[in-house]
Protein chains: 2
Amino acid sequence: MVLRVGVNGFGTIGKRVAYAIQLQDDMDLVGVVKRTPDYAALQARRAGIPIYTPSEREAEAFEQRGIHVRGTIEDLLDSIDVIVDATPGGTGAKYKPLYEKHGVKQIFQGGEKPDVADVSFSTLCNYEEALGKRSVRVVSCNTTGLLRLICTLDKAFGVSAARAVIIRRAADPKEIKRGPINAIVLNPPKLPSHHGEDVRTVLPKLDIVTAAVVVPTTLMHVHNVTLRLSSPVTRRDVIAALEEAPRIMVVSSEETGIKSTAELMEAARELRKRSDIPELVVFEESVTARGNEVILFQAVHQESIVIPENIDALRALGGLAQTAKETIALTDESLGVGQPLW
Amino acid sequence: MVLRVGVNGFGTIGKRVAYAIQLQDDMDLVGVVKRTPDYAALQARRAGIPIYTPSEREAEAFEQRGIHVRGTIEDLLDSIDVIVDATPGGTGAKYKPLYEKHGVKQIFQGGEKPDVADVSFSTLCNYEEALGKRSVRVVSCNTTGLLRLICTLDKAFGVSAARAVIIRRAADPKEIKRGPINAIVLNPPKLPSHHGEDVRTVLPKLDIVTAAVVVPTTLMHVHNVTLRLSSPVTRRDVIAALEEAPRIMVVSSEETGIKSTAELMEAARELRKRSDIPELVVFEESVTARGNEVILFQAVHQESIVIPENIDALRALGGLAQTAKETIALTDESLGVGQPLW
């Protein structure tokens, strides 16, 4: 069986999900919904992706630029099994009644509230929970980064508490209207930040407190994470567990000279499409163990980290893979996740 | 008795210390040592500050610009009781033999190694330890911020452990050669950062781990601090203790709308010389208490936070005040520390 998929929205996440679906053998990208006939629409045309518009109103502008429009979102919804909603945060919930009306399963992004879907999702934590569900919410980039780390170390050692400080990039590289350009912004001033609560949509019992700031950079988020484990560990134990896990890349600053998000991204520009780093990057020398306390730095590429999880979520909804291991193998092979950066 | 003081270096810290000394009744600014006849030298002339040069070599360039040079650093050292070394980090240690040769007491900044002086110093923690010593090292801006918080809450509740993530400004506003301009830099990648060790130069027994990143902004540092107290507290207890303490300003984001370093600095531009904020700023809504764990955000104005401590250190070396309380009253009144920002 080949799963018929549509993508609503062709921004940072939507376009990556669409191109990733094209690389899967068990899925067919029926089309994407796009509002404006810009450079990204021209690239979609070049990639042979059928384009639909939110309503008939937007179609003419596309046709004027020589971009054929297949129909409206309703036409797309009538031709697919699952829609990946990649609209701006909060918009997905407004679309949900339309998706339901057309009887398609739904994948939402982390910008939606948890109640938009049957389950909040992160492959390394709860793939099996999403199997056969009607709708799934793939948690946000920062939450995905935290969950990959926590679930990996929880399986290896047991995690009893987590504290994290999230240093957020202010905007994605393509965004020209967001700030700050010279400030550290408490995000928000009141603690905890929502990220801990978001982690708990997947791990409801975890004692977790997060704090976040926004800083003037576009490349990646950085987290400083402190975990309390069930028993004492050595830093070598922790590094070994992380190196074994899928979708986590342990980078040695001493061996590579990389000590910032800029240098990491420069390496990715050489070997990765769009310089995407869907892996969670843990900095090896930062891993510190003191009794049962582990402290480390990790970096999250906000544009691409959730793409593998979106593909996995499609397999879960479509019943295309029965285990996390199975979908991870397919997704990571097709997208090059885990391929060396040097 | 009036203490005769010289300042070596007229950069970010040196000029602020010099202008602050001019405001003290029990000290006399004999002169500053400056290397280049730039705008800051012209401002020193306007402020009536006698200028000395590192050697006779530099004097001519000053005279050509109409700035009178009183002599060399050796002439200055022969006319003072204490020198405040505000030269670039590591340079103070090279000057120390010269200071000793001329028999003057010394104040160094946090950029020097701890062994440069008899004692590392932070007024709220160990003023009395510095009394009558020959040399004192005023710890760096970040360490001063951490110590003000920790010593205040230690006196109120007992602090058994501290964890802090330091989000550092990349450069001071006047600096045009430093970066990054688009990256988050691990500072350093290996944990812990030196800040915890520096805190221990004042509080040797504290269990403290710090991590730091550098981000593209010039205004202030931000810390996320987690403290383990000896017993459970409420957030109201913590806020009350901080509000009572000198040199700590508790700012409510809800009441002021301030949620970033930029907005804080904008408020200071209105009411403070150079927009200096020598107080440690704690964000009220961030203060979170969970059992005996306290988590909060604080901001450190790197250019000015150590200025009151430099003035106090002069009083300690000169025996001008026998208690922290006494010097704090004099320093804070003269510099306007603790005056409202709105």
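Thresholds applied
Going along each chain's sequence as written, the residues are numbered from 1 onward. Each chain is given a letter, starting from A, and each ligand a number, starting from 1, according to the order in which they appear as written. Thresholds applied to this predicted model are a pLDDT of at least 70 for local features of residues and 80 or more for the giving and counting of side-chain atom pairs; totals over whole chains, interfaces and linings are not thresholded and use all residues. In computing side-chain values, all of the structure's heavy atoms are included and hydrogens and water are not. The start and end points of each domain follow an automatic or database-based domain assignment. We call two residues contacting when some pair of their heavy atoms lies within 4.5 Å. Buried area: the sum, over both parts, of the accessible surface (1.4 Å probe) that disappears when the two are put together. By definition here, a salt bridge exists when the distance from a side-chain nitrogen of Lys or Arg to a carboxyl oxygen of Asp or Glu is within 4 Å. For helices, the fitted axis covers only the stretch in contact; all axes are lines through C-alpha atoms, and the angles between them, taken along N-to-C directions, range from 0 to 180 degrees. Here a helix means four or more residues in a row that DSSP labels H or I, a strand means two or more in a row labelled E, and each is numbered from the N terminus. What sets the label is the angle itself: under 35 degrees gives roughly parallel, over 145 gives roughly antiparallel, 65 to 115 gives roughly perpendicular, and the rest give oblique. Should the near helix be turned anticlockwise from the far one by less than a right angle, the crossing is left-handed, and should it be turned clockwise, the crossing is right-handed. Ten residue types, Ala, Val, Leu, Ile, Met, Phe, Trp, Tyr, Cys and Pro, are classed as nonpolar, four, Asp, Glu, Lys and Arg, as charged, and the remainder, Gly among them, as polar. Alignment of copies: least-squares fit on C-alpha atoms of residues with pLDDT of at least 70 in both copies.

**Some words on the domain arrangement of chain A**
Residue and element names in this part refer to chain A.
No. 1: Entries for chain A in the domain assignment read domain 1 (3-139 + 306-335) and domain 2 (141-300).
No. 2: Taking only C-alpha atoms into account, the centre of domain 1 sits 26 Å from that of domain 2.
No. 3: Across the boundary between the two partners, domain 1 contributes 22 residues, which contact 18 residues of domain 2.
No. 4: Here domain 1 and domain 2 share an interface that buries about 1,700 Å² over both sides, 54% of which is from carbon and sulfur atoms.
No. 5: Applying the counting criterion to the domain 1 and domain 2 interface returns six salt bridges.

**Concerning the packing of helix H12 (residues 307-318) of chain A against helix H13 (residues 324-335) of chain A**
All names here are of chain A.
No. 1: Two elements in contact, H12 and H13, have axes whose closest approach is 10 Å; the angle formed by their N-to-C orientations is 135 degrees. With respect to H13, the element H12 is oriented oblique. The element H12 and its partner H13 pack so that their crossing is right-handed. Where H12 approaches H13, its residues Ile307, Pro308, Ile311, Asp312 and Arg315 are matched on the opposing element by Thr327, Ile328, Leu330, Thr331, Asp332 and Leu335.
No. 2: In terms of residue class, the contact of H12 with H13 is built from six nonpolar, two polar and three charged.

**Some details on unusual backbone geometry**
No. 1: The linkage connecting Asn187(A) with the following residue, Pro188(A), adopts the cis geometry, with an omega of 0 degrees.
No. 2: Secondary-structure assignment places Pro188(A) in the loop between strand S10 (185-186) and helix H8 (194-200).
No. 3: Cis geometry marks the peptide bond from Leu191(B) to Pro192(B), where omega comes out at -5 degrees.
No. 4: Checked against the element boundaries, Pro192(B) lands in the loop between strand S10 (185-186) and helix H8 (194-200).
No. 5: Positioned with a positive phi, Arg274(A) is a non-glycine residue whose angle comes to about 55 degrees.

**Description of the relation of the copies chain B and chain A**
No. 1: Overlay of chain B on chain A (RMSD 0.0 Å): rotation 180 degrees, translation along the axis 0.0 Å. Put plainly, the chains are arranged around a two-fold axis. Using C-alpha coordinates, one finds that chain B approaches the rotation axis most closely at Pro216(B), a distance of 2.9 Å.
No. 2: An overlap of 98% is found between the interface residues of chain B and their copies at the interface of chain A, pointing to a shared contact surface.

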